[in-house]
Amino acid sequence: MNLHAFLIDKFKAALAAIGAPADAQAPLSRSTRPEFGDYQFNGAMALAKALREKPRDIAEKIVAAVELEGIAEKLEIAGPGFINVHLSPAWLAKQLAGAAADARLGIAEESVKTVVVDYSSPNLAKEMHVGHLRTTIIGDAVVKALEFMGHKVIRQNHMGDWGTQFGMLLAHLSDKLANSEVAETALSDLEVFYREAKVRFDEEEGFADRAREYVVKLQGGDAQCLALWEQFIDVSIAHSEEVYEKLNVTLTREDIRGESAYNDDLANVIADLKAAGIAVEDQGAQVVFIQELADKEGNPAVYIVQKSGGGYLYSTTDLAAMRYRSRQLQADRTLILTDARQALHFKQTEIVGRKAGFIQPEQTYEHCPFGMMLGADGKPFKTRTGGTVKLVELLDEAVERAEALIGQRESDLTAEEQKQVARKVGIGAVKYADLSKNRTTDYMFNWDTMLSFEGNTAPYLQYAYTRVQSIFRKAGVDAAVLQAEIRIEATQEKTLATKLLQFVEAINQVTAEATPHVLCTYLYDLASAFMSFYEACPMLKDGVDEADKNSRLMLANLTARTLKSGLDLLGIETMEKM
Ligand code: ARG
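What counts and how
Residues numbered from 1 in each chain as written. Predicted model: local features only at pLDDT ≥ 70, side-chain atom pairs only at ≥ 80, totals over all residues. Heavy atoms only, no water. Helix = DSSP H or I, 4+ residues; strand = E, 2+ residues; numbered from the N terminus. Buried < 20%, exposed > 50% of the residue type's maximum accessible area, 1.4 Å probe, protein only. Contact = heavy atoms within 4.5 Å. Areas by Shrake-Rupley, 256 points an atom, 1.4 Å probe, with all protein chains shown as cover. Lys, Arg positive; Asp, Glu negative; His and termini not counted. Charge placed at Lys NZ, Arg CZ, Asp CG, Glu CD. Pairing = 2+ DSSP bridges. Axes fitted to C-alpha atoms, helices over the stretch in contact; angles between N-to-C directions. Phe/Tyr/Trp six-rings, centres within 6.5 Å; stacked < 30°, edge-to-face > 60°. Lys NZ or Arg CZ within 6 Å of the ring centre and 35° of its normal. Near = heavy atom within 4 Å. Polar contact = N/O pair within 3.5 Å; in protein donor to acceptor, adjacent residues only side chain to side chain. Core = buried A, V, L, I, M, F, W, Y, C linked by side-chain atoms within 4.5 Å. Expected span 1.5 Å × (residues − 1).

A. Inspection of the overall build of the protein chain at higher detail. On a plain count of helices and strands, the protein chain comes out with 21 helices and 13 strands. Projected onto its principal axes, the C-alpha positions of the protein chain cover 85 × 70 × 40 Å. Taken over 578 residues, the protein chain has a buried fraction of 51%. Contacts spanning at least 24 positions in sequence make up 73% of the contacts within the protein chain whose residues lie at least 6 apart. Total accessible area on the protein chain is roughly 26500 Å²; 49% of this is exposed by carbon and sulfur atoms. Positive and negative side-chain charges of the protein chain, numbering 63 and 83 respectively, have mean locations separated by a distance of 4 Å.

Written out as structure tokens, the structure reads:
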């Protein structure tokens, strides 16, 4: 159950009962300190204004009307008219018992929506670089959270697999193959390959013309040229798959629907836009003048959908994709994850697409932008020599660094186990560092903070999880079969209990806003609440009452299960020992 939503409903009913207008708000927030209870209702002040009564009088009426018998042990009016809700420990214990007995921790699925998530979407002409890290892992976390809540998710890897740059790449590739090289070897380093082709394009007599010929042939559907293109794409996709595998993300080949998939529809898109009078000719090109995004002088924004030479653009493909997702995939929601620099493009695309009826009013088109990953110098993340950082290399370095760290710690793990742990910690650290930041802002990449066992990091959470496992090993209790009554007595127990029940609130926010950092913050708070509980409420010390011990073990196990489930949604692995 979503506690927050449940309480809001209770307050809404109370507002109706005291004769509040139908549109009266029921704002409820989580309390920041235990003294203020668990939740705080802040709606009395605004309502008092509307009804011209004293806020505290209204608050008293709400308190009298709200039906929280047996749920809250105390409702207290504070300050100008805040209502602090102190949940009943016995009620909390009952909820937790329900969660403990359920494989889904008591979290029910939502009513199903079809959600298209467009993420990762690298350009196949080049190697995946750090710019694709954020979209790939944020997207994958959002997808997993949506699926967990029961939605039908359709992943769309909108890979950049088409465009004029393929002319020079294919011309270069065909020369290499003619020299009896194999495609895999020739393309083993896409960066190098791209650079070679570019140099030839700029400097070699006749090469640029050949490259242009290839473009024309490719677009004309020339069989030999297409076969070459397919070979190129295939090897490049394999490079991406290597990254996905290392990153533990769920994307597969079936999720790829690259830009080229829309080629046959682009002429239709233009024809439809023209027929509807939305696109008009301007200096030989087809453009849409967007009045809604006019500048200060009133000049409309110009959105080009076809170049004067007849060529199509990124925008044309995105309009075709929008229509496909709306009509064929029947998406209730479309989420697109790219860096913030593309925000204007998607805003314009949405305006144009809606005008053209490519998407229905009840279907959403949600661009979810994110900021840049910065180096220690505050500038976009680069290699020491100023090159783009290849993702594969970054991930390998993460694992190496984790190996060195783990090697320094005392442990009874075998060398092979240590290796596995290092992989999970290293990859987990990189992913978590990214996922835990509010996605809309830039963030600084820092090896030391992300690999630290303290603070809001993957290693800290993974460690908290292993800590519970070691408690169970010491206690000689099998967590899977443990069944005991949960009693909530100490403040730390209550804080932990409430936190545990708020898991679904965090997930709901992730699915609604595509913000995995909310889940990270939640897990970090949960782990911290557990650590305070662990200090204050001993389990295995001599003299601890058996019933207390078992109740606390139940809480510890619920904490571990919630951490594991939350980290799993984030695509971060856990281990039994560290
Ligand atoms: N390939 C693009 C890039 O690397 C991202 C594509 C995002 N999706 C879309 N429908 N435009 O920047």
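B. Examining the sheet that holds strand 8 (residues 285-290) more closely. Taken together, three strands build an open sheet; the order of strands is 7-8-9 and the sheet is antiparallel. Each of the sheet's edge strands pairs with one partner strand only, and the pair in question is strand 7 (280-282) and strand 9 (301-306). On average, adjacent strands in this sheet sit at an angle of 50° to one another, irrespective of strand direction. Examined bridge by bridge, strand 7 and strand 8 share three bridges and lie antiparallel to one another. Within strand 8, the residue paired with Asp 282 across the bridge is Ala 285. On the sheet, helix 13 (residues 343-355) packs against strand 8 and strand 9 and is oriented at approximately 75° with respect to strand 9.

C. Representation of the packing of aromatic side chains within the structure. Counted by the stated rule, this structure contains 12 aromatic pairs. A ring pair is formed by Phe 6 and Trp 91, whose centres lie 6.0 Å apart and whose planes are at 15°; its orientation type is stacked. Note that Phe 6 is positioned in helix 1 (residues 3-17) and Trp 91 in helix 4 (residues 89-100), a separation of 85 residues in sequence. Exposure remark for Trp 91: the relative accessible area of 9% places this residue in the buried category. Ring centres of Trp 162 and Trp 229 lie 5.2 Å apart, and the angle between their planes is 85°; on these two criteria the pair is classed as edge-to-face. Of this pair, Trp 162 sits in the loop between strand 6 (152-156) and helix 6 (165-178) while Trp 229 is found in helix 10 (residues 223-247), placing the two residues 67 residues apart along the sequence. As far as the burial class goes, Trp 162 and Trp 229 line up, both buried. Taken together, Phe 166, Phe 193 and Phe 232 form an aromatic cluster joined through their ring pairs. A cation sits over an aromatic face here: Lys 217 above Tyr 214, 5.0 Å from the ring centre. The ring of Tyr 463 is capped by Arg 409, whose NZ or CZ atom sits 5.8 Å from the centre of that ring.

D. Expanded view of the site of the ligand. Around the ligand lies a shell formed by Asp 118, Ser 121, Asn 123, His 132, His 158, Tyr 314, Asp 318, Ile 336, Thr 338, Gln 342 and Phe 346. Within the contact set of the ligand, an oxygen atom lies 3.1 Å away from a side-chain nitrogen or oxygen of His 132. At a separation of 2.7 Å, a nitrogen atom of the ligand approaches a polar side-chain atom of Asp 318. Considering the ligand on its own, with 350 Å² of exposed area, one finds that the protein chains cover 89% of that surface. Those elements giving two or more residues to the shell around the ligand turn out to be helix 12 (314-327) and strand 10 (333-339).

E. The arrangement of the environment of Leu 570 in detail. Mapped onto the secondary structure, Leu 570 falls in the segment after helix 21 (546-569). For the pair Leu 570 and Lys 431, spaced 139 residues apart in sequence, the C-alpha to C-alpha distance is 8.3 Å. Aside from chain neighbours lying at most four places away, what touches Leu 570 is Ala 141, Lys 431, Tyr 432, Leu 435, Pro 516, Leu 519, Cys 520 and Leu 523.

F. Structural detail: helix 19 (residues 503-513). Buried residues dominate helix 19, accounting for eight of its 11 residues. Those residues of helix 19 that sit buried are Phe 503, Val 504, Glu 505, Ala 506, Ile 507, Asn 508, Val 510 and Thr 511. Directly beyond the C-terminal end of helix 19, a positive phi value near 55° is found at Ala 514.

G. Expanded view of the nonpolar core. In terms of nonpolar packing, the biggest core is built from 159 residues, with Leu 394 and Leu 570 touching the most fellow members. When residues in this core are grouped by element, the largest group, 11 residues, is from helix 20 (residues 516-536). Apart from residues lying up to four places away in sequence, Leu 394 is in contact with Val 130, Leu 133, Met 373, Phe 381, Val 389, Val 430, Phe 445 and Trp 447.

H. The arrangement of the side chain of Thr 316 in detail. Along the polypeptide, Thr 316 turns up in helix 12. Exposure remark for Thr 316: the relative accessible area of 0% places this residue in the buried category. If we ignore the near neighbours within four places in the chain, the residues touching Thr 316 are Leu 266, Val 269, Ile 270 and Val 305.

I. A look at the sheet that holds strand 4 (residues 82-87). With respect to topology, four strands assemble into an open sheet ordered 1-2-4-3, the strand pairing being antiparallel. Sheet topology places strand 1 (28-30) and strand 3 (72-78) at the edges, where each strand pairs with a single neighbour. On average, each strand axis in the sheet is inclined to that of its neighbour by 25°, with strand direction left out of account. Strand direction decides the pairing type here: strand 3 and strand 4, joined by six bridges, are antiparallel. Note on strand 4: the bridge partner recorded for Ala 78 is Phe 82.

J. Examining helix 4 more closely. Taking 1.5 Å of rise per residue, the 12 residues of helix 4 would be expected to cover 16 Å, and the 16 Å separating its terminal C-alpha atoms lies within 8% of that figure. Here helix 4 has its buried residues at Trp 91, Leu 92, Ala 93, Leu 96 and Ala 99. If you follow the buried residues of helix 4, they end up packed against helix 1, strand 4, helix 18 (491-501) and helix 21.

Such coordinate-based values are descriptive only and should not be taken to indicate function.
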